[in-house]
Amino acid sequence: MPVPPTKSHGRLAISASAKPREVMSDTPRLKGAWCAKVVTLFPELFPGVLGASLTGKALQRGLWALEPIDLRIFGTGKHRQVDDTPAGGGAGLVMKPDVVGRALSMAATGAPDDPARWPRVYLSPRGKPFTQAHAQRFAQAEGMTLLCGRFEGVDERVIEAFGLEEVSLGDFVLTGGEIAAQAMIDATVRLIPGVLGNAASTEDESFAAGLLEHPQYTQPREWQGRAVPEVLLSGNHGEIAKWRRAQAERLTRERRPDLWAAHLARKDE
Ligand code: SAH
């Protein structure tokens, strides 16, 4: 797949940002590059892990863009209040719909309304569990907006009003949505052409074909009395592919009966 040129004049896009000056990055932004807008009380946590390694290099090259939007500046009153006690009582605090709504409206500027072109996600343990299929769908879009909750989460009305899709990182409760947002952005961005050096490597990874990946080995040929499987050193590409396929099937059958059943059902079709 062609890699977009990284040094071409007049291709940088400009957009309004609610990110404080001091954390503005000097990374270029290629026009049309996939963009993640992240609404968060902790913009300083971004790019976080996304700034390292391949995702970080791709960000610097402008293959994708990141726009943290600081929720605090949309807060009300002198103290820029963003949360309040839950209606009906109970422990904790709920993020206010007026505050979150203003931040999401800001995020909406310059983004298409069509959720297929621009998914709007609220990170939430109540959401559908995130899968590789989500990452593929998000990567096909022009960008996405991610709302990170804190405390007890956000007022339900803002989820309804903005038609937010709730997506969960898994069946556990985090303190905030930022780790989940970074995980989802990472899984998405690595599917964008040019982000991984070797585009073929996303094609035979875990989940790509509905199976877990086969075991991997490298040098040395023998380590602590354990040898690299002979077939991998044979140079026989047909045999190697067969072995890897059999291992992928074995691991999936043993570890993920759910994926294995779906795989068998697809084969029957
Ligand atoms: N009271 C909520 C949990 C709030 S945790 C409940 O019981 O459902 C605070 C914030 O962390 C949430 O608003 C959400 O944005 C984020 N979060 C927590 N667990 C998450 C998960 N598994 N996936 C995605 N986001 C999560």
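Nothing here was measured: the structure is a model prediction, and the numbers come from that model.

Draft legend 1. Focus on the overall build of the chain. Secondary structure summary: the chain contains seven helices and nine strands in total. Across the 269 residues of the chain, 28% fall into the buried class. Sequence-distant contacts in the chain: of pairs separated by 6 or more residues, those separated by 24 or more amount to 74%.

Draft legend 2. Broad picture of the sheet that holds strand β6 (residues 143-147). Spatially, the five strands line up as an open sheet ordered β2-β1-β6-β5-β7, and their pairing is parallel. With one partner strand each, in any of the chains shown, β2 (64-70) and β7 (165-168) form the two edges of the open sheet. Direction aside, neighbouring strands of the sheet carry axes that sit 35° apart on average. The pairing of strand β1 (residues 34-40) with β2 spans seven bridges and is parallel. When the sheet's bridge partners are listed, V39 is paired in β2 with I69. Strands in contact with helix α2 (residues 97-108) are β1, β2 and β6; relative to β1, the strand with the most contacts, it is inclined by about 165°.

Draft legend 3. The arrangement of the site of the ligand in detail. In the neighbourhood of the ligand, 18 residues make up the surrounding shell, with L123, G149, G153, G177 and A180 lying closest. In terms of residues, the shell around the ligand owes the most to one element, strand β5 (residues 120-129), which gives four residues.

Draft legend 4. Summary view of the UniProt feature "binding site: S-adenosyl-L-methionine" (unreviewed entry) in the chain. The UniProt entry lists G149, L169, G170, D171, F172, V173 and L174 under the feature "binding site: S-adenosyl-L-methionine" (unreviewed entry), expressed in the numbering used here. Relative to the helices and strands, D171 resides in the loop between β7 and α5 (178-189). On the secondary structure map, F172 appears in the loop between β7 and α5.

Draft legend 5. Representation of unusual backbone geometry in the model. The omega torsion across F46 and P47 is 5°, close enough to zero to call that bond cis. Following Q219, the chain continues into P220 via a peptide bond in cis, with omega recorded as -5°. For S53, which is not a glycine, the phi torsion comes out positive at approximately 55°. Inspection of the secondary structure assignment puts S53 in helix α1 (residues 53-61). The class of S53 is exposed, set by 11 C-beta atoms lying within 10 Å. At Q224, a position not held by glycine, the phi torsion is positive, near 50°. One can find Q224 in the loop between β8 (222-223) and β9 (226-227).

Draft legend 6. Highlighting the nonpolar core. Among the nonpolar cores identified, the biggest contains 48 residues, and V39, W64, V100, A103, L123, L146 and L147 are the most heavily contacted of them. If near-sequence neighbours (up to four positions away) are discounted, L123 is found in contact with L146, L147, C148, G149, V167, G177, A180 and A181.

Draft legend 7. Highlighting the environment of A65. Summarising the element assignment, A65 is placed in strand β2. Overall, the presence of 19 C-beta atoms within 10 Å leaves A65 in the partly exposed class. Distance in space between the C-alpha atoms of A65 and K31 is 9.8 Å, their sequence separation being 34 residues.

Draft legend 8. Representation of the environment of G149. The topology assignment puts G149 in the loop between β6 and α4 (156-161). Taking the C-alpha atoms as reference, G149 lies 7.6 Å from M95; in sequence the two are 54 residues apart. Apart from the residues within four sequence positions on either side, G149 is in contact with M95, Y122, L123, S124, V154, G176 and G177.

Quick notes on the rules
Residues numbered from 1 in each chain as written. Predicted model: local features only at pLDDT ≥ 70, side-chain atom pairs only at ≥ 80, totals over all residues. Helix = DSSP H or I, 4+ residues; strand = E, 2+ residues; numbered from the N terminus. Buried ≥ 20, exposed ≤ 12 C-beta atoms within 10 Å, placed from the backbone. Contact = placed C-beta atoms within 7 Å. Pairing = 2+ DSSP bridges. Axes fitted to C-alpha atoms, helices over the stretch in contact; angles between N-to-C directions. Near = placed C-beta within 6 Å. UniProt positions renumbered as here; feature names shortened; annotations may be inferred. Core = buried A, V, L, I, M, F, W, Y, C linked by C-beta atoms within 7 Å.

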